[in-house]
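A structural walkthrough
Read off the chains here:
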Amino acid sequence: MRLLVVEDERELAESLRRGLIAEGYSVDVAHDGSAGLEYAMAEAYQAVILDLMLPRMNGFQVCARLRESRVATPVLVLTAKDGEYDEAEALDTGADDYLTKPFSYVVLLARLRALLRRGGEPRTALLRVGDLVVDQAQRRCSRGTTPIPLTAKQFAVLACLARRADTVVSKADILDEVWDAAYDGDPNIVEVYIRVLRRRIDVPFAVRSIETVRGEGYRLVVGHA
């Protein structure tokens, strides 16, 4: 699998390159945001590891430009910026995961494997389940002509269900896809997000589209009264 590392700290970039090659990946490296964007637009990478504080163009801008151009390559942000607003902005501009420096290489590999599992499946940018529209490229959701504001994590849970509409998705699969393999918190967090999503995408429209399949998981269907 071919990866792109966009990192201006050359020693770290080289360390990542050597380590990932040792894991069996093919790796290209760019040392500024403009070059990273050019690489990512021109080549078919399975994932991008992206720093935020880059010369010429920062990581937020790189990620936003990729999504605006309908490039759906999974992006793992790797950065020293550890504020919650930085993480939220990165996810809102199109990043798929966020890891702060200093980081565990074992966790980095686990998160990368999770991204590659998700990114290996063909993805349609625009998903429709009845009148519910999930725009993966723009990270937007609407029912009919009414936009529905969602946080990055809420959107990720909904997109996970929408990609497998009419199919039961287990709680474990949602955790693995949205929170990744390194998550060790309470698995019932999925239930919390499902309840919130129902209040956002169903209740205001007097429909039911997220079904609970007891003992198995959740299923997104065309909304019905």
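Up top is the structure these notes are about.
Here is what the cut-offs are and how they apply
Residues numbered from 1 in each chain as written. Predicted model: local features only at pLDDT ≥ 70, side-chain atom pairs only at ≥ 80, totals over all residues. Heavy atoms only, no water. Helix = DSSP H or I, 4+ residues; strand = E, 2+ residues; numbered from the N terminus. Rg over C-alpha atoms; globule rule 2.2 N^0.38 Å. Buried < 20%, exposed > 50% of the residue type's maximum accessible area, 1.4 Å probe, protein only. Contact = heavy atoms within 4.5 Å. Areas by Shrake-Rupley, 256 points an atom, 1.4 Å probe, with all protein chains shown as cover. Lys, Arg positive; Asp, Glu negative; His and termini not counted. Charge placed at Lys NZ, Arg CZ, Asp CG, Glu CD. Core = buried A, V, L, I, M, F, W, Y, C linked by side-chain atoms within 4.5 Å. Pairing = 2+ DSSP bridges. Right-handed = clockwise from strand over helix to strand, strands pointing away. Salt bridge = Lys/Arg side-chain N within 4 Å of Asp/Glu carboxyl O.

**Side note on the overall build of the chain**
Within the chain, the secondary structure is distributed over 8 helices and 11 strands. Its C-alpha radius of gyration of 18 Å places the chain within 12% of the 17 Å reference for a compact globule of 225 residues. By the burial criterion, 47% of the 225 residues in the chain qualify as buried. Put simply, 54% of the contacts in the chain that link residues at least 6 apart link residues at least 24 apart. As displayed, the chain offers around 11,200 Å² of accessible surface, 49% of which is attributable to carbon and sulfur atoms. For the chain, the distance from the average site of its 30 positive side-chain charges to the average site of its 34 negative ones is 5 Å.

**Brief notes about the nonpolar core**
Core analysis: the biggest nonpolar cluster contains 27 residues, and Leu-158 and Ile-174 have the highest contact counts within it. Taken together, the elements giving at least two residues each to this core come down to strand 6 (126–129), strand 7 (132–135), helix 6 (152–162), helix 7 (171–179), helix 8 (189–202) and strand 11 (217–224). Looking at this core, the element that brings in the most residues is helix 6, giving 7 residues. Setting aside residues up to four positions removed in sequence, Leu-158 forms contacts with Leu-132, Val-134, Cys-141, Leu-150, Leu-197, Ile-201 and Leu-220.

**Considerations on the pairing of strand 5 (residues 97–100)**
For strand 4 (residues 75–79) and strand 5, the ladder comprises 4 bridges, and the chain directions are parallel. In the sheet register, Thr-79 faces strand 5, and the bridge partner there is Thr-100. Of the crossover connections in this fold, the one passing from strand 4 over helix 4 (residues 84–92) to the parallel strand 5 is right-handed.

**Describing the pattern of salt bridges**
By the definition in use, this model includes 15 salt bridges. Notably, a salt bridge pairs Arg-17 with Glu-14, separated by 2.7 Å at the nearest N-O pair. Pair noted here: Arg-17 and Glu-14 are both in helix 1 (residues 10–22), with a separation of 3 residues, about one helical turn. Since its relative accessible area comes to 27%, Arg-17 is described here as partly exposed. Given a relative accessible area of 29%, Glu-14 falls into the partly exposed group. In the salt-bridge network here, residues are joined through shared partners; they are Glu-7, Glu-9, Asp-51 and Lys-101.

**A word on the environment of Phe-103**
Residue placement: Phe-103 occurs in the loop between strand 5 and helix 5 (105–119). When near neighbours in sequence (up to four residues on either side) are disregarded, Phe-103 contacts Leu-12, Leu-16, Leu-78 and Leu-108.

**Notes on the side chain of Asp-28**
With respect to the helices, strands and loops of the structure, Asp-28 is situated in strand 2 (residues 26–30). Among all residues touching Asp-28, those that are not within four sequence positions of it are Arg-2, Leu-3, Leu-4, Val-5, Tyr-39 and Tyr-45.

**Quick word on the environment of Gln-46**
Mapped onto the fold, Gln-46 is located in the loop between helix 2 (33–42) and strand 3 (47–50). Gln-46 sits 34 residues away from Leu-12 along the chain, and the two C-alpha atoms are 21 Å apart. Aside from chain neighbours lying at most four places away, what touches Gln-46 is Met-1, Arg-2, Thr-73, Pro-74 and Leu-116.

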